[in-house]
Amino acid sequence: MSGTKPKTNPGNYFEDFRLGQVIRHATPRTVTTGDAALYTALYGNRFAVQSSDAFAKAIGYPHAPLDDLLVFHVVFGKTVPDISLNAVANLGYAGCRFLAPVYPGDTLSTVSEVIGLKENSNGKTGVVYVRSTGYNQHGAEVLDYVRWVMVRKLDEKAVVADQKVPELPSALTPAQIGGAVPVIDPSAYDGVLAGSRHSWSDYQAGEMIDHVDGMTVEEAEHQMATRLFQNTAKVHFNQWTEGQGRFGRRLIYGGHVISLARALSFNGLANAFHVAAINGGRHVAPLFAGCTVFAWSQVLETAELPGRDDVGALRLRTIATKDRPTNDFPLYGADGKEYDPAVILDLDYWVLMPR
Amino acid sequence: MSGTKPKTNPGNYFEDFRLGQVIRHATPRTVTTGDAALYTALYGNRFAVQSSDAFAKAIGYPHAPLDDLLVFHVVFGKTVPDISLNAVANLGYAGCRFLAPVYPGDTLSTVSEVIGLKENSNGKTGVVYVRSTGYNQHGAEVLDYVRWVMVRKLDEKAVVADQKVPELPSALTPAQIGGAVPVIDPSAYDGVLAGSRHSWSDYQAGEMIDHVDGMTVEEAEHQMATRLFQNTAKVHFNQWTEGQGRFGRRLIYGGHVISLARALSFNGLANAFHVAAINGGRHVAPLFAGCTVFAWSQVLETAELPGRDDVGALRLRTIATKDRPTNDFPLYGADGKEYDPAVILDLDYWVLMPR
Amino acid sequence: MSGTKPKTNPGNYFEDFRLGQVIRHATPRTVTTGDAALYTALYGNRFAVQSSDAFAKAIGYPHAPLDDLLVFHVVFGKTVPDISLNAVANLGYAGCRFLAPVYPGDTLSTVSEVIGLKENSNGKTGVVYVRSTGYNQHGAEVLDYVRWVMVRKLDEKAVVADQKVPELPSALTPAQIGGAVPVIDPSAYDGVLAGSRHSWSDYQAGEMIDHVDGMTVEEAEHQMATRLFQNTAKVHFNQWTEGQGRFGRRLIYGGHVISLARALSFNGLANAFHVAAINGGRHVAPLFAGCTVFAWSQVLETAELPGRDDVGALRLRTIATKDRPTNDFPLYGADGKEYDPAVILDLDYWVLMPR
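Residues numbered from 1 in each chain as written. Chains lettered and ligands numbered in written order. Predicted model: local features only at pLDDT ≥ 70, side-chain atom pairs only at ≥ 80, totals over all residues. Heavy atoms only, no water.

Attention now moves to the overall build of chain A. Looking only at helices and strands, chain A has ten helices and twelve strands in total. In terms of overall dimensions, chain A is globule-like: its C-alpha atoms have a radius of gyration of 20 Å, near the 20 Å expected for 355 residues. Relative to its full complement of 355 residues, chain A shows a buried share of 64%. Accessible area of chain A: about 12,300 Å², with a carbon and sulfur share of 50%. (Helix = DSSP H or I, 4+ residues; strand = E, 2+ residues; numbered from the N terminus. Rg over C-alpha atoms; globule rule 2.2 N^0.38 Å. Buried < 20%, exposed > 50% of the residue type's maximum accessible area, 1.4 Å probe, protein only. Areas by Shrake-Rupley, 256 points an atom, 1.4 Å probe, with all protein chains shown as cover.)

Right, here's the structure in full:
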């Protein structure tokens, strides 16, 4: 290889991607109890299964697994240098399944496959669809999801011959989820220790829950979180550049909002100990340091898992806002179409609870 | 259980408590070397026993125990959702004994008993006294203390028939402390490595020590600390609400001040490797981010521990201030009665030192 | 020992040091995966060997070693209370060699020898030269370096009879480095996972690499880092005092800048997995919170390691700036002599790469 080529990572442009291309991402990462402690310090999560080895063991885990969203962020972070370094916008994600538990000491790595490419009519950008899969050190899949981003072309005249828009799952079915939870013993699940006496059968489709509490975000916090996940997206860290940009501020990683909303949701969903799948999510508006995040959830659906009577599933829609309490469940504005200006996240996902 | 009742935690109001009531608190917590690293990053503590496995082993521990105050904060944090969510004021604590060492990997949980109830004459609030006990995963007591808080009534007409003001210990005796320290070999205790050649016999009752150094507190730091302890008191995290409140600021967790003062006290008390008991403490004034904390201590008493010649005890009074150095030992104002306006903490506790 | 002497650490003044004096520093420190997680959260480092047990094992380590600069900071931090508490200026360091790998669970301690003393002509200060050595719990040397600082005299009339200016190595030779890296299997080193296909032979002396990315520093971040390293230099933590000082601000620990520059250098030097030596460094200007750090590097030299064909060495000069991108490789100002005012660090060091 020549020493004269730039050795820094220029990222991939739209025309660099090929349908069916498989990308092994850099920086395998051993996740530890150190990461778990930082995750707690950053979000204040209190779900008993992830918080306590003793609790996890009692119901059937070998010991406490790592938080599902910590795993998601670490797996996701690896894709940034290859997929979204030249992204104009993160358009969406879908079909995210948690497939195996991840424990302290496991090493995570990520591989992506390009499953769709669609150039925009302006000839300057295109949409790249990838399925990314996280693996542990044994080669077992721990997580997969589809993500699509709008990426710049470097050479507007470049032709991407083979294009395709993939079919995206609108939501995962109960049969597709639960792989990351061993069969548990619900009778050993201590609701008092877990923080709630409400079990799966207490929740009903349509039910709305205000999570009450608010959490103010500081620059140091979201930067530390995003670096912990080894996510290198420049907009989160560089005030010199962002100060001259559209917002004049560093933009907070969207995953930080998801983790905050999940931690806040403990108040009302304390027994929803596992995020089993993310059907889709929309980062409706950016979040900046100094804002206070609130959240509320609606139960979209309750479901049994085929062949399992230890846990049941709730499909949730969780809405996060900034600088606006959620006791009146804000979602849309006066016109009933546009989001309320305070809404920053609209997330559709499955959680599991003991039955 | 009905799905129509609110599933969020409303906390307990004064009339919800009963004398003799036992409350098992939520969220057991496995504490790890990750928590220890964060504790060091947040407070900068340098006591050799907690900092070094090799040092701890040399004197008789199996390996380095976790910092005593980290244990306190974790045990304490669990009580907040049940005891003080609707508190008007934290009035005091007393009789806090450290009963067994806690090591990385141990799981902590907390149980409280209501030992006193006294309605205030205004009929709107009452004082709740609880004895809280922290346990490890083997069911051994690691910590207990009494705390009393003023709690709102939800229904002012509610009658709390059975009331009682418990007797509170003014200070623990030397015979009651030391259980969290195995018998150590003082000849293997290396004072140079520990940072001081002053052993227990060098300290005298009445002696005053300025701890010299100052530590400025940032919002991100106290929020991360308080979340690490899974303490959910709203005033520490929610600038949106607090910005409209009495102070216009997030209030820093009182325990954060105690841990800062303890870390600062290393300069002058480096061999006081163990906090054996907290006799009582008063958070004289609130602390806010941006302020710089200083501390000084007075030796109130020196004591032998019955039956032990490996360690001796010092009863200390440590005073922390904000934005005021402590070289002149500030305590009371000009009238000699009211605290100096810079004082934020007045703490009475026992520490152990090698003999 | 008398209880009437002040028990706080006054630090050493110039006249307190003696040629040949050996100082065992306080606070042995067990470094853990918790420290590694915090280091990642603070700097965002992504070198695969330190990030992944699986990657490290594949090439020949027993598991992932701790980051070299984390080890440096911990070893260095211990010297502050004895060497530089009364320092006027940190003048330089040289000949820093990483001698053995450090793994989570190891306990680090530091011993310094005074190798030079030279009083300044003003009679108020003198320069103290020390060689500091970091040891693990087995007594093996893991790191050594020479550092010189200008220290105040307490008594200007005190005479320091025995003075000497030691010879300082201008740079370490390839024969002197590499001890901290076991013989690795370069064929098992996966460049895709490591984040770069550029191996040692791709780099050429004279080559300049802009590391592109910028990182903004927050007060909470540098304070947490510096406390994690148990570095007690007052200027980093005490806004009350520093606010009245020369800069009106807390000064950021110089080692924080080195770690940021090293983490940024991943973009262009991803396979430079080990810092083998620091030949010397200059903190050209102070860094304050709110500034954004950028970095670029020049390859000064490429070298084989005598007797090893698994790894090769690059001697690098890395320049860090504040609030100025480095795409035009800023170094000197218009006069070609003085540093560009944006430059904050000029570091000369050896890194190792697989061959």
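This part is about the relation of the copies chain A and chain B. When chain A is fitted to chain B, the residual RMSD is 0.0 Å, and the transformation amounts to a turn of 120° plus an axial shift of 0.0 Å. In short, the pair behaves as if placed about a three-fold rotation axis. Every residue of chain A has its C-alpha some distance from the rotation axis, and the shortest such distance is that of glycine 34 of chain A, at 2.2 Å. The residues that chain A uses at the interface reappear at the interface of chain B in only 10% of cases, marking distinct surfaces. (Least-squares fit on C-alpha atoms with pLDDT ≥ 70 in both. Contact = heavy atoms within 4.5 Å.)

On to helix α1 (residues 33–43) of chain C, then. Residue and element names in this part refer to chain C. With nine of eleven residues buried, α1 is to be regarded as a mostly interior element. Of the positions making up α1, those classed as buried are Gly34, Asp35, Ala37, Leu38, Tyr39, Thr40, Ala41, Leu42 and Tyr43. Measuring from the backbone nitrogen of glycine 34 back to the side-chain oxygen at the start of α1 gives 3.0 Å, which picks out threonine 32 as the cap. Of the residues flanking the end of α1, it is glycine 44, one or two places downstream, whose phi is positive at about 70°. (Polar contact = N/O pair within 3.5 Å; in protein donor to acceptor, adjacent residues only side chain to side chain.)

Ranked by internal contacts, the top residues of the largest apolar core, which has 189 residues, are Leu38 of chain A, Leu38 of chain B together with Leu38 of chain C. Setting aside residues up to four positions removed in sequence, leucine 38 of chain A forms contacts with Met224 and Leu228 of chain A, Leu38 and Met224 of chain B together with Ala37, Leu38 and Ala41 of chain C. (Core = buried A, V, L, I, M, F, W, Y, C linked by side-chain atoms within 4.5 Å.)

Let's shift gears to the interface of chain C and chain B. Taken together, the 36 residues of chain C in the interface contact 49 residues of chain B. Buried surface at the junction of chain C and chain B, both sides included, amounts to about 3,400 Å², of which 57% is carbon and sulfur. Applying the counting criterion to the chain C and chain B interface returns five salt bridges. When the shortest N-O distance is used, the salt bridge between glutamate 218 of chain B and arginine 250 of chain C registers 2.8 Å. Across the contact surface, chain C and chain B share 21 residue pairs in polar contact (both at pLDDT 80 or more). At the level of elements, β2 (29–30), α1, α7 (219–228) and α8 (239–242) of chain C are the ones that each hand at least two residues to the side of chain C that touches chain B. At six residues, the largest contribution of residues to the side of chain C that touches chain B is made by α7 of chain C. Looking at the side of chain C that touches chain B, its residues break down into eleven nonpolar, 17 polar and eight charged. (Buried area = accessible area lost by both parts, 1.4 Å probe. Salt bridge = Lys/Arg side-chain N within 4 Å of Asp/Glu carboxyl O. Nonpolar A, V, L, I, M, F, W, Y, C, P; charged D, E, K, R; others polar.)

Facing the 49 residues of chain A at the interface are 36 residues of chain B. When the area that chain A buries against chain B is broken down by residue, the three leading residues are Ala41, Arg46 and Leu193 of chain A, summing to 16%. Counting across the chain A and chain B interface gives five salt bridges. With a shortest N-O distance of 3.1 Å, arginine 227 of chain B and glutamate 221 of chain A are connected by a salt bridge. For the interface between chain A and chain B, the tally reads 21 residue pairs in polar contact (both at pLDDT 80 or more). When residues in the side of chain A that touches chain B are grouped by element, the largest group, eight residues, is from helix α1 (residues 33–43) of chain A. In terms of residue class, the side of chain A that touches chain B is made up of 20 nonpolar, 17 polar and twelve charged.

What follows is about the domain arrangement of chain A. All names here are of chain A. If you check the domain split of chain A, you get domain 1 (9–31 + 66–169) and domain 2 (184–355). Each of domain 1 and domain 2 was reduced to a C-alpha centroid, and the two centroids are 22 Å apart. Overall, the association of domain 1 and domain 2 removes approximately 1,800 Å² of surface from exposure, summing both partners, and the carbon and sulfur fraction of that is 56%. Where domain 1 touches domain 2, the interface holds zero salt bridges. Where domain 1 packs against domain 2, one counts ten residue pairs in polar contact (both at pLDDT 80 or more). Mapped by element, the contributors of at least two residues to the side of domain 1 that touches domain 2 are α4 (68–77), α5 (80–84) and β3 (87–98). With eight residues, α4 is the single largest residue contributor to the side of domain 1 that touches domain 2. Taken together, the residues of the side of domain 1 that touches domain 2 sort by class into 13 nonpolar, four polar and four charged. (Domains from an automatic or database assignment.)

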